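Inside the fold
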Amino acid sequence: MLNVAVAGLGWWGKTVVNLLGRSDKLRPVLLIEPNPAARAFGAGSGVPVVDSLEAALADPKVAAVILCTPHSMHCDQIVAAAKAGKHVFCEKPFCMSTAEVTRALAAVSAAGVTVGVGHERRFETPMNEVMRLADSGALGTLLQVEGNFSQDKFIGLAADNWRMSAKEAPAGPLTATGVHMVDLAIRFLGPGQDLLARVRQLGSPLVNGDTLGLLMTHKSGANSLISAILATPFMGRFAVYGSHGWAEIWDRNHPESPQGWLVRTRLRGGEVETREYPPMPAVLANLEAFAQAALGGEPYPVPPAQIRATVCALEAVVRSAASGTLEKISD
Ligand SMILES: NC(=O)c1ccc[n+]([C@@H]2O[C@H](COP(=O)([O-])OP(=O)(O)OC[C@H]3O[C@@H](n4cnc5c(N)ncnc54)[C@H](O)[C@@H]3O)[C@@H](O)[C@H]2O)c1
């Protein structure tokens, strides 16, 4: 059992703490929340709450921290946790720039702690099936990926919410949902080479933009076409095309409360095959894979090189959205 402290008791921190109640691999021993109003949830959970990460890092009971905090805090908090010898799981986006991810992963590596990232889409059963199919060569040479992760959960946010800040959430939907698709694209097609992004505010009060369109070319030469919209009801779709066949996953609901998936595949010469997958808690599966690795078991399945590649692509999306031109992705 891994004793963890959960930092940030907002929307996602509460989701995580509730999920941990069902786990036999992670036990929340401390919660961290500076905002007195948000601390009420901690009191109700029966787990002690402190008001600073530093207090949790000084506590020998805490073996790992799970960061569910605003984006600009992630890098410094990862570094602080690693320096304190704690394993660290950070919600997406892991960091906001190449410089930050370099610093954060160097601290993790120097401390020899396990690192995890909140890209739970990789842990969904149908996604694992499609990964296996692609890795087996059954789809042939991978040619192109299409990913869409859209939702309208933020339309009613107050104007002073951190998600409205260009520092915390540059390129509109990118840090909310688009980054999950960038991560999956990198999982299938490898690191990116360059990209062109367009972000516009078209249908909501979200001043950072509500509509992201992205074309990323990977070093392999393959493309990813990514769509992320924050002004339309939930939509989740991921498709991978290869020279021998394709596979497509439709999400029935947001990962917060999964309702299962519909998968369609077609191999050359065959018919379209359709399969339903029942809901499963991918967010918890991700956290448990992290715990298993931290406790000395199977390595965590998202390698640091891929965590880094996703952040480097994210930085390039922000640059491209501002410049309006094709931007190179740093290594
Ligand atoms: N994996 C996913 O699918 C998913 C879904 C939603 C959110 N997230 C991520 O979770 C993180 C939090 O998002 P959210 O929607 O819960 O935001 P939120 O604003 O609802 O909650 C953030 C909380 O962090 C607290 N906080 C601020 N500074 C802190 C500090 N120094 N130490 C500890 N807590 C601090 C705030 O008071 C707030 O309660 C973000 O990185 C977000 O992108 C991931």
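A brief report on the enclosed structure follows. Just so you know, these numbers come straight off a predicted model, no measurement behind them. (Residues numbered from 1 in each chain as written. Predicted model: local features only at pLDDT ≥ 70, side-chain atom pairs only at ≥ 80, totals over all residues.)

This paragraph deals with the site of the ligand. Not every one of the 23 residues close to the ligand is listed here, only the nearest: Gly-8, Gly-10, Trp-12, Asn-35 and Glu-91. Considering every element that reaches the shell around the ligand, the biggest residue donor is helix H1 (residues 11-20), with three residues. (Near = placed C-beta within 6 Å. Helix = DSSP H or I, 4+ residues; strand = E, 2+ residues; numbered from the N terminus.)

This paragraph deals with the sheet that holds strand S10 (residues 223-229). Within the open sheet, the nine strands sit side by side as S14-S13-S12-S11-S7-S10-S9-S8-S15. Their pairing is mixed. Of all strands in the sheet, those bounded by a partner on one side alone are strand S14 (273-277) and strand S15 (327-328). Where strand S7 (residues 142-150) and S10 come together, five bridges link them in parallel fashion. Residue pairing for S10: Glu-146 is matched across the bridge by Leu-225. Lying on the sheet, helix H6 (residues 125-136) is in contact with S7, strand S11 (235-242), strand S12 (245-251), strand S13 (261-267) and S14; it crosses S12 at an angle near 170°. In the packing of helix H7 (residues 173-189) onto the sheet, the strands contacted are S7, strand S8 (192-200), strand S9 (211-218), S10 and S11, and the crossing angle to S7 comes to about 160°. (Pairing = 2+ DSSP bridges. Contact = placed C-beta atoms within 7 Å. Axes fitted to C-alpha atoms, helices over the stretch in contact; angles between N-to-C directions.)

If you look at H7, its biggest bend is around 45°, right at Val-179. Burial analysis of H7 places 17 of its 17 residues in the buried class, the great majority of the element. The positive-phi residue at the C-terminal boundary of H7 is Gly-190, with phi of around 85°. (Bend = angle between axes of the 7 residues up to and from the residue. Buried ≥ 20, exposed ≤ 12 C-beta atoms within 10 Å, placed from the backbone.)

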